[in-house]
Amino acid sequence: MGMTMTEKILARGAGRESVRPGDLVLAKVDFAMGHDLTIPPAGKIMREQMGAEKIWDPDRVAVTQDHFQPAKDAASATLGRLTREFSHDMGIKWYFEVGQGGICHTVLPEHGLVLPGELVVGADSHSCTYGALNNFATGIGSTDLACVLALGELWFRVPETLKFVYRNRLKEWVEAKDLILYVIGQIGVDGARSKAMEHTGEALRHIDMEARLTMTNMAIEAGAKNGIMEFDDITREYLDGRAKRPYTPVSSDADAEYEKVFEFDAEKVELGVAKPMSPDNYAPLSEVAGTKLDQVFIGSCTNSRITDLRRAAAVLENHKVAPGVRLIITPSSHQVAIQAEREGLIRTFLAAGAAWTTATCGACLGGHMGVLGEGEVCLSTTNRNFPGRMGHPKALVYLSNPAVAAASAVAGVITHPSEVLARMPAGLA
Amino acid sequence: MTLPKVVRGRAWKFADNIDTDQIIPAKYAIYSLDEKELGKHAMEGVPGRDTWAQGVTEGDILVGGSNFGCGSSREIAPVAIRGAGISLVIADSFARIFFRNAINMGYPIMQSPQAAEAVEEGDELEIDLEQGIIRNFTKGDEYRAEAFPQFMTDLLKMGGLVPWVRKRLEERRRKSSATSG
């Protein structure tokens, strides 16, 4: 019997010929990540409780200062300091200081630190993002991370794999975000609970690596253990000149066993949103168009890479944010910010009246720089809209792609981007 | 810290898909290293439960629906629930990271669709952890919990991943001193 990509990576990590879904394995980890909220407890558990003095391999660990940094208050400054000190004491090679890294899930791929065929863990639920690069990547807790840091290995239950086949191509305006919101809407927030989501099909061959990362990023929103994609020319081109280690791509066997195969016609997927208060509350854009907004947020590990910002800027060019609405744009990394500056995108954002921030998780998790108050309505390019995610439990959050977010900021209500582009630019009216 | 054999307490009932932002809103992540402080804010993000932690008596039992603890990987979710005084979490099913975090912490959890369906808030429960049996004194009912794979049961019994790693580190040290000696 053949194996899926996920099974092959776990088998290799466990030093076994083969594994089956349901097997519990102890597997070697190729790369690990932690950040300012998860490194302090992991470091404490590793040193004080597990009694380890050093980490297994300082070259295979990345640490970012992204969640509450630049410190939003004195307590966060302490977490930042503990994260910094631990990284220094352990000699962690891939430590990214405030202002030099950004959100972990953008930073690791852009620095070529997570590679095809590898077994990657991150003490953050969206670590499943990296799977677009043909690896097994999953989110873990702080005690898990302490174990990995001390030993370089961790226990895993081999997941069943669900295969998602996307036929045809996405239509104009419809993005990877719309597709994954649609899929989660179909299967539910526990539709892939503890399982692997293997994405494949024609539609993926026509979207770039950043769009693919948006899709695997949201595997966790369906409850999945990991999201994974095949290796192809797009993967190779993305990694050329970036990959920090040699790598070996992995592919699923023709006779691999899937628990279930879902087929979608990508061409039939419409622009859409997830309505409050759950990522699986999908609705076509037409159903919610006209919904009045207080805030629009373009940011997060899901949708704030350079291609996302380009699409937002294309809509915002020569337009102004509507009165009564605030638009907050948070690039997902320092490199993204540098590129946005080079291309003049930041000028477009500022001219439109947007607040442009440093790279941080910020408003996405109700941390800082855009936390919502009671009863406020926000359209956000992020990944989660459970009650209280972005601030007050009674705030309402809609999830969308960046072009829809930009257009809606201009209109003040949820709007199709083509409507804003058809309007006379501000100043010429 | 080893597992108790029997746990008794009053049930607190929660719905399906309770996510980690509701279990412990991210703003309290600044108290990541303070279990008691986290405990004061446990479940605060669940609409209508903003003062829930104040009503918990040490030893009470939390009963959730399906996909309990979905969302973020934050280990402070089970830490906050433990900090609030909850002795055991039962659910129809758990989201995977919450599940592994609890096991890694040596914090008892049980998967029992039967109990999640039948138990009502305030019911008096007694749980036999070894047998995987949940007794409901209020209703005179009994429910079974699903058995975990052996490795997970062993981890829970030994107190979680910390003692397991300590043991493994010691084995490695012994091996390396044996080869160098």
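Visitor: So what exactly am I meant to see when it comes to the sheet that holds strand β3 (residues 61-64) of chain A here?
Guide: Sheet strands pair by backbone hydrogen bonding; their relative direction is either parallel or antiparallel. All names here are of chain A. Read across the sheet, five strands follow the order β4-β3-β2-β5-β6 without closing on themselves; strand pairing throughout is parallel. With one partner strand each, in any of the chains shown, β4 (94-96) and β6 (136-139) form the two edges of the open sheet. Sheet twist, expressed as the average angle between the axes of neighbouring strands with direction ignored, equals 15°. Strand direction decides the pairing type here: strand β5 (residues 119-122) and β6, joined by four bridges, are parallel. From the neighbouring strand, valine 121 faces β6, where its bridge partner is threonine 138. Helix α3 (residues 74-89) rests against β2 (31-35), β3 and β4 of the sheet, and its axis sits at about 155° to β4. Packing against the sheet, helix α5 (residues 142-151) makes contact with β2, β3 and β5, and its axis sits at approximately 135° to β2.

Visitor: Looking at this model, I keep getting lost on the interface of chain B and chain A. Mind explaining?
Guide: As a measure of interface size, the accessible area lost when the parts come together is often cited. Contact residues are listed per partner, giving 43 residues for chain B and 48 residues for chain A. A buried area of about 3,800 Å², summed over both sides, lies between chain B and chain A, and 62% of it is on carbon and sulfur atoms. In terms of surface lost to chain A, no three residues of chain B exceed B:Ile30, B:Arg96 and B:Arg100, which account for 18% of the buried area on that side. For the interface between chain B and chain A, the tally reads four salt bridges. For A:Glu153, the salt bridge is made with B:Arg168, and the minimal N-O distance between the two is 2.3 Å. Summed over the shared surface of chain B and chain A, the number is 21 residue pairs in polar contact (both at pLDDT 80 or more). Contributions of two or more residues to the side of chain B that touches chain A are made by α1 (20-23), α4 (96-105), α6 (150-158) and α7 (161-180) of chain B. Take the side of chain B that touches chain A: its biggest share by element is nine residues, from α7(B).

Visitor: In this structure, what is going on with the sheet that holds strand β5 (residues 124-128) of chain B? I would like to understand it.
Guide: All names here are of chain B. Overall, mixed pairing links the seven strands, which are arranged β4-β3-β2-β1-β5-β6-β7 in an open sheet. Bordering the open sheet on either side are β4 (109-111) and β7 (141-144), each of which pairs with just one other strand. Taken over all neighbouring pairs, the strand axes of this sheet differ in orientation by 30° on average, direction set aside. Sheet analysis places strand β2 (residues 61-64) next to strand β3 (residues 88-91), joined by four bridges and oriented parallel. Directly across from glycine 64, in β3, lies its bridge partner alanine 91.

Rules behind the numbers
Residues numbered from 1 in each chain as written. Chains lettered and ligands numbered in written order. Predicted model: local features only at pLDDT ≥ 70, side-chain atom pairs only at ≥ 80, totals over all residues. Heavy atoms only, no water. Pairing = 2+ DSSP bridges. Helix = DSSP H or I, 4+ residues; strand = E, 2+ residues; numbered from the N terminus. Axes fitted to C-alpha atoms, helices over the stretch in contact; angles between N-to-C directions. Contact = heavy atoms within 4.5 Å. Buried area = accessible area lost by both parts, 1.4 Å probe. Salt bridge = Lys/Arg side-chain N within 4 Å of Asp/Glu carboxyl O. Polar contact = N/O pair within 3.5 Å; in protein donor to acceptor, adjacent residues only side chain to side chain.

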